[in-house]
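One-letter residues, chain by chain:
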Amino acid sequence: MGHSDLSATPPGEPTTDGVTQTTDLPLYWRADGPPGAPPLLVLHGGPGAHHDYLYPQMLALSDSYRVITYDQRGGGRSKTDDPAPITWQTQVGDLARIVTEFGLIPPTIIGYSWGALLAMLYAIECAQHGDARLAPARLVLVSPAPITRAWRDEFESSLSVRGRSATILAMREELAASGLRERDPAAYRQRGFELSVAGYFADPSRARALTPFRVTGRVQQSVWNSLGEFDIRDDLRGVHCPTLVIHGKQDPIPLESAAAAAQSLSAEFIALDDCGHVPYVEQPELLFAAIRRFLAESHGSLRSGHPHAAHHDSR
């Protein structure tokens with residue numbers, strides 16, 4: 001394809017990409033790792049973003065799994081000029097069609113940030129209204145987006161405060177005085193991106209390791225608007241599959257929200273030290289070790305009911 005994001009593929013592992021055939025808007029997808037390996041469907045954050053900012057780090061899982069992801073409707077290479085608002089229901093519907101089109105029945109879903117909330121909304125819909133065959137076999141929820149409107153408001157306030165921290169303000173002043181804008185516009189844009197996301201990190205300097213991304217604001221706004229004054233804690237109690245929730249202790253998204261999601265799902269909960277919103281950049285060894293262990297342990301117990309709820313602190 002010659003597309004830049006494919007260059008991050010580990011040597012020797014085939015990458016396949018294309019567009020969906022069964023959604024009314026063709027959605028861009030890609031798959032990495034051995035074609036015969038167990039499939040993992042990975043949902044990116046946003047809403048309104050695109051898959052490739054999870055890479056190259058999330059491709060660590062493609063050594064032993066077939067890692068499938070896609071650009072959700074309205075973002076990245078699945079952009080649309082259709083003025084109709086994109087809602088959480090639209091995204092859940094797309095996800096159900098992708099699960100069916102790729103034969104991921106039942107799917108193992110790894111959701112990051114908004115993608116984790118999308119995975120939860122999808123699981124709730126399957127439990128309440130959908131085809132039980134399409135319900136997740138297991139869920140891995142990494143840095144899940146807030147599960148209530150109140151926690152979302154708290155997150156936005158926290159992120160705003162962080163953006164005005166002395167550390168980040170000093171970094172902004174340093175960039176403004178550097179002359180980089182004139183000397184190297186591309187480097188200046190990269191540094192600007194890093195500063196725009198620095199508040200998500202326990203250590204703002206780690207933002208330079210995050211692959212840059214863009215969010216389509218119209219899509220982000222319409223999805224959040226569609227959720228209204230949401231609180232999915234009770235609905236999550238109707239979802240029954242092995243689940244792992246991982247959240248950084250320094251994530252601007254309240255740890256209480258992730259803990260409440262884990263409690264409602266009777267899930268294993270891991271709180272990572274020295275970690276903000278991007279554990280695949282900040283604590284990759286702990287993150288991927290936990291995911292691999294959970295996938296291995298839950299493989300034998302799929303569909304056998306609730307795992308025992310557990311809580312771990314990283315040390």
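Just so it is clear, the structure is predicted and the values come from calculations on it, not from any experiment.

**Section: the overall build of the protein**
Working step 1: When its secondary structure is counted, the protein shows 11 helices and nine strands.
Working step 2: In terms of overall size, the protein behaves like a compact globule, its C-alpha atoms giving a radius of gyration of 19 Å where 315 residues would be expected to give roughly 20 Å.
Working step 3: Referenced to the eigenvectors of the C-alpha coordinate spread, the extents of the protein come out at roughly 60 × 40 × 40 Å.
Working step 4: Considering the protein as a whole, with its 315 residues, one finds that 52% of them fall into the buried category.
Working step 5: Across the protein, the fraction of contacts at a sequence separation of at least 24, relative to all contacts at a separation of at least 6, is 75%.
Working step 6: Looking at charge distribution, the protein has the averaged site of its 28 positive side-chain charges lying 2 Å from that of its 36 negative ones.

**Structural notes on the environment of glycine 36**
Working step 1: Position of glycine 36 among the secondary structure elements: in the loop between strand 2 (28–32) and strand 3 (39–43).
Working step 2: Take glycine 36: its relative accessible area is 75%, and that puts it in the exposed class.
Working step 3: It is 8.4 Å that separates the C-alpha atoms of glycine 36 and tyrosine 65, two residues lying 29 residues apart in sequence.

**Brief notes about helix 1 (residues 88–101)**
Working step 1: Here helix 1 contains 14 residues, and its C-alpha end-to-end distance of 20 Å stays within 8% of the 20 Å for a straight helix at 1.5 Å per residue.
Working step 2: Among all positions in helix 1, only Trp88, Gln91, Val92, Gly93, Asp94, Leu95, Ile98 and Val99 are buried.
Working step 3: In this structure, the buried residues of helix 1 make contact with strand 3, strand 4 (66–70), helix 2 (114–128) and helix 7 (217–227).
Working step 4: Where helix 1 ends, the next residue or the one after it, glycine 103, has phi of about 65 degrees, a positive value.

**Some words on the packing of aromatic side chains**
Working step 1: Under the counting rule described, the total for this entry stands at eight aromatic pairs.
Working step 2: Measuring from ring centre to ring centre gives 6.3 Å for tyrosine 53 and tyrosine 112, while their planes differ by 65 degrees; the resulting arrangement is edge-to-face. Separated by 59 residues along the polypeptide, tyrosine 53 in the loop between strand 3 and strand 4 and tyrosine 112 in strand 5 (residues 108–112) bring together distant segments of the chain.
Working step 3: Residue tyrosine 112 is classed as buried on the basis of its relative accessible area of 5%.
Working step 4: Each residue in the set Tyr53, Tyr112, Phe193, Phe213 and Tyr280 is aromatic and connected to the rest through ring pairs, giving one cluster.
Working step 5: A cation over an aromatic ring shows up here: arginine 77 above the ring of tyrosine 28, its NZ or CZ 4.0 Å from the ring centre.
Working step 6: A cation over a ring is seen here: arginine 152 above tryptophan 224, with NZ or CZ 3.8 Å from the ring centre.

**Description of the environment of isoleucine 109**
Working step 1: Here isoleucine 109 lies in strand 5.
Working step 2: Residues isoleucine 109 and methionine 120, 11 residues apart in the sequence, show an inter-C-alpha distance of 9.8 Å.
Working step 3: Here isoleucine 109 is in contact with Leu41, Leu43, Ala119, Tyr122, Pro136, Arg138, Leu139 and Val140, once residues within four sequence places are set aside.

**Description of the environment of tyrosine 122**
Working step 1: Checked against the element boundaries, tyrosine 122 lands in helix 2.
Working step 2: On the basis of relative accessibility, which here comes to 1%, the residue tyrosine 122 falls in the buried class.
Working step 3: Tyrosine 122 sits 31 residues away from glutamine 91 along the chain, and the two C-alpha atoms are 8.7 Å apart.
Working step 4: With residues up to four places along the chain from it excluded, the contact list for tyrosine 122 reads Val92, Leu95, Ala96, Val99, Pro107, Ile109, Leu134 and Pro136.

So, how was this worked out
Residues numbered from 1 in each chain as written. Predicted model: local features only at pLDDT ≥ 70, side-chain atom pairs only at ≥ 80, totals over all residues. Heavy atoms only, no water. Helix = DSSP H or I, 4+ residues; strand = E, 2+ residues; numbered from the N terminus. Rg over C-alpha atoms; globule rule 2.2 N^0.38 Å. Buried < 20%, exposed > 50% of the residue type's maximum accessible area, 1.4 Å probe, protein only. Contact = heavy atoms within 4.5 Å. Lys, Arg positive; Asp, Glu negative; His and termini not counted. Charge placed at Lys NZ, Arg CZ, Asp CG, Glu CD. Expected span 1.5 Å × (residues − 1). Phe/Tyr/Trp six-rings, centres within 6.5 Å; stacked < 30°, edge-to-face > 60°. Lys NZ or Arg CZ within 6 Å of the ring centre and 35° of its normal.

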